[in-house]
Amino acid sequence: MYTQALDALGSLPTSATDEQALVSRFEARVAAEQKIEPKDWMPARYRATLIRQISQHAHSEIVGMLPEGNWITRAPTLKRKCILIAKVQDEGGHGAYLYSAAETLGISREQLIEQLLCGKAKYSSIFNYPTPTWADVGAIGWLVDGAAIMNQIPLCRCSYGPYARAMVRICREESFHQRQGYEIMLTLARGTPEQRRMAQGALDRWWWPSLMMFGPPDAQSTHSGESQRWKIKRVSNDELRQRFVDFTVPQAEFLGLKVPDPALKWNAASGHYEFGAIDWQEFEQVLKGHGPLNAERIAARRAAHAEGAWVREAALAHAEKQRARAAGRAA
Ligand code: FAQ
């Protein structure tokens, strides 16, 4: 990855006129829907924004394994356990694709992980909430993966090639995740009164944090203007949030569950649901590290990183041995 960064440096402009020409060519390519690839020249802020967004996304996938991972040993049946293991494993895979996509921009995986572990890098607010019941696993699949897909489908058309391609694959898997979550909710909603109460409780807990996942309101979104101009983000935070509400409320009705928002109502004139005010103070608190489980999540990642040190060392030693053997054969 450092080689790619050096290649990019090799094409650094030598004068303001050169720089302007490079910017114009870059913008024309973005406007023409051509993908920007790792070795292409790109503005420094485009690179920095992508590193920030892709790495936050990768960290979210990895930290996102924890809330559901908590239920693997307690899944209600063997079949549910197998499905949940596969789902959580998929999230790990998504994190790995995304770290690789970020590395193409000239930052190493070690640096990215260090930024997560020292608290410098963000990850999605949603993963700082607890999963006290099995229904929370269903609600995560239905709502959190549902919101993730809503946000990620437009990212499949992101102007940066490696991110767009990773998103295509990830979205396919997320769609299975969303359906498995909805199927858990359906089973519970059609079950005993106690199971229905569990399902309703999980919807109550995850509804508002899921709406927050789409990020601050457009008027307060610091990166949207630039990211939309560069076609990293294709659809605004508020527009995606509205799409999610419009899509999900009928699904809750089908389950016979009540969305915990007294202000929620269908507006036939606009063709959209109106919904109540989001508690943005809660969102800010979670982003500042004061959510219900922020400290626990980071502590779990730090412990996993420390406990995995021997695996990284063994993998490096194995790779070195293979390299030496191949070099010996070639000599
Ligand atoms: N949580 O100017 P904007 C998943 C930050 S994957 C934390 O609007 P932007 C799969 C933002 O970074 C879920 N921070 O920012 C799964 C910025 O901070 P900074 C993750 C947030 O980037 C399912 C500041 O606020 N998905 O769920 C959040 O233009 C189930 C200003 O915001 C992605 O990451 C938040 N919710 O738009 C796994 C998708 N929202 O760095 C396991 C890719 C905003 O300036 C189980 N990312 N911030 O200090 C995106 O699409 C965008 O980055 C947004 C935010 C839409 C999240």
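Scroll up a little and you will see the structure.
Report on the accompanying structure. Computed from a prediction, not measured in an experiment: that's the story for all the values here. (Residues numbered from 1 in each chain as written. Predicted model: local features only at pLDDT ≥ 70, side-chain atom pairs only at ≥ 80, totals over all residues. Heavy atoms only, no water.)

Focus: the overall build of the chain
- The secondary structure content of the chain amounts to 14 helices and two strands.
- At 22 Å, the chain has a C-alpha radius of gyration in line with the 20 Å of a compact globule built from 331 residues.
- For the chain, the C-alpha atoms occupy an extent of roughly 70 × 55 × 35 Å along the three principal directions.
- Here the chain holds 331 residues, and 47% of them are scored as buried.
- Across the chain, the fraction of contacts at a sequence separation of at least 24, relative to all contacts at a separation of at least 6, is 77%. (Helix = DSSP H or I, 4+ residues; strand = E, 2+ residues; numbered from the N terminus. Rg over C-alpha atoms; globule rule 2.2 N^0.38 Å. Buried < 20%, exposed > 50% of the residue type's maximum accessible area, 1.4 Å probe, protein only. Contact = heavy atoms within 4.5 Å.)

Let's talk about the environment of Ala139
- In this structure, Ala139 sits in helix α7 (residues 134–155).
- When its relative accessible area of 0% is taken as the criterion, Ala139 is described as buried.
- Along the primary structure Ala139 and Leu22 are separated by 117 residues, whereas in three dimensions their C-alpha atoms are 47 Å apart.
- Those residues in contact with Ala139, other than ones at most four positions away along the chain, are Val144, Met185, Ala202 and Trp206.

Topic: the packing of helix α3 (residues 44–63) against helix α5 (residues 78–103)
- With their axes 8 Å apart at the nearest point, α3 and α5 run at an angle of 160° to one another. By the angle between their directions, the pair α3 and α5 is classed as roughly antiparallel. The way α3 lies across α5 gives a crossing that is left-handed. Together, Ile54, His57, Ala58, His59, Glu61 and Ile62 of α3 and Glu91, Gly92, His94, Gly95, Leu98, Tyr99, Ala101 and Ala102 of α5 make up the contact between the two elements. (Axes fitted to C-alpha atoms, helices over the stretch in contact; angles between N-to-C directions. Parallel < 35°, antiparallel > 145°, perpendicular 65-115°, else oblique. Left-handed = near helix turned anticlockwise from the far one by under 90°.)

Quick word on unusual backbone geometry
- Even without being glycine, Glu33 reaches a positive phi, approximately 65°.
- With a phi close to 60°, Lys231 is a non-glycine residue in the positive phi region.
- Considering the arrangement of structural elements, one finds Lys231 in the loop between α10 (224–229) and α11 (237–255).
- With relative accessibility at 18%, the residue Lys231 sits in the buried group.

A word on the site of the ligand
- Taken together, 36 residues are adjacent to the ligand, and Gln56, Lys122, Ser221, His223 and Lys233 come closest.
- One nitrogen or oxygen atom from the side chain of Arg52 is found 3.0 Å from an oxygen atom belonging to the ligand.
- Interatomic distance of 2.9 Å between a side-chain N/O atom of Asn237 and an oxygen atom of the ligand.
- Of all the secondary structure elements, the ones that give two or more residues to the shell around the ligand are α3, α5, α7, α8 (161–189) and α12 (280–290). (Near = heavy atom within 4 Å. Polar contact = N/O pair within 3.5 Å; in protein donor to acceptor, adjacent residues only side chain to side chain.)

Quick look at the side chain of His94
- Turning to its location among the elements, His94 is positioned in helix α5.
- With residues near it in sequence (within four places) discarded, His94 still touches Glu61, Ile170, Glu173, Glu174 and His177.

Brief notes about the packing of aromatic side chains
- Applying the stated rule across the entire model yields ten aromatic pairs.
- Judged by centre distance (5.6 Å) and plane angle (85°), the ring pair of Tyr46 and Trp230 falls under edge-to-face. Residue Tyr46 is found in helix α3, and its partner Trp230 is found in the loop between α10 and α11; the two are separated by 184 residues along the sequence.
- By relative accessible area, Trp230 is classed as buried at 6%.
- Across from the ring centre of Trp71, 3.9 Å away, lies the NZ or CZ of Arg74, which sits over that ring. (Phe/Tyr/Trp six-rings, centres within 6.5 Å; stacked < 30°, edge-to-face > 60°. Lys NZ or Arg CZ within 6 Å of the ring centre and 35° of its normal.)

Thoughts on the state of the cysteines
- Counted under the stated rule, the structure contains zero disulfides.
- With no disulfide of its own, Cys156 lies closest to Cys171 among cysteine sulfurs, the gap being 3.9 Å. (Disulfide = S-S within 2.5 Å.)

Overview of the packing of helix α6 (residues 109–117) against helix α13 (residues 294–307)
- With their axes 10 Å apart at the nearest point, α6 and α13 run at an angle of 140° to one another. With respect to α13, the element α6 is oriented oblique. Facing Ile113, Leu116 and Leu117 of α6, the residues of α13 in contact are Ile298, Arg301, Arg302 and His305.
- In terms of residue class, the contact of α6 with α13 is built from four nonpolar, one polar and two charged. (Nonpolar A, V, L, I, M, F, W, Y, C, P; charged D, E, K, R; others polar.)

Here we look at the environment of Thr187
- Following the sequence through the fold, Thr187 ends up in helix α8.
- Along the backbone, Thr187 and Ala58 are 129 residues apart, and their C-alpha atoms lie at a distance of 31 Å.
- Polar contacts involving the side chain of Thr187 include one to the side chain of Arg80, which spans 3.3 Å.

Details of the side chain of Gln251
- Structurally, Gln251 can be placed in helix α11.
- On the basis of relative accessibility, which here comes to 18%, the residue Gln251 falls in the buried class.
- In contact with Gln251, not counting residues within four places along its chain, are Trp142, Gln178 and Tyr182.

Notes on the nonpolar core
- Tyr46, Leu50, Ile54, Tyr160, Tyr163, Trp206 and Trp207 are the most contacted members of the largest nonpolar core, which totals 81 residues.
- Beyond its immediate stretch of four places on either side in the chain, Tyr160 contacts Lys35, Ile36, Glu37, Pro38, Met42, Tyr46, Leu50, Ile54, Ala101, Thr104 and Leu105. (Core = buried A, V, L, I, M, F, W, Y, C linked by side-chain atoms within 4.5 Å.)

A short note on α12
- Within α12, the full set of buried residues consists of Trp280, Phe283 and Val286. Along the long axis of α12, the arc covered by the buried residues comes to 115°, so they all point the same way. Facing away from the buried surface of α12 by more than 90 degrees, the exposed residues are Gln281, Lys288 and His290.
- Where α12 is buried, its residues contact α9 (193–212), α11 and α13. (Arc of directions from axis to C-beta.)

The analysis is restricted to geometry; functional conclusions fall outside its scope.
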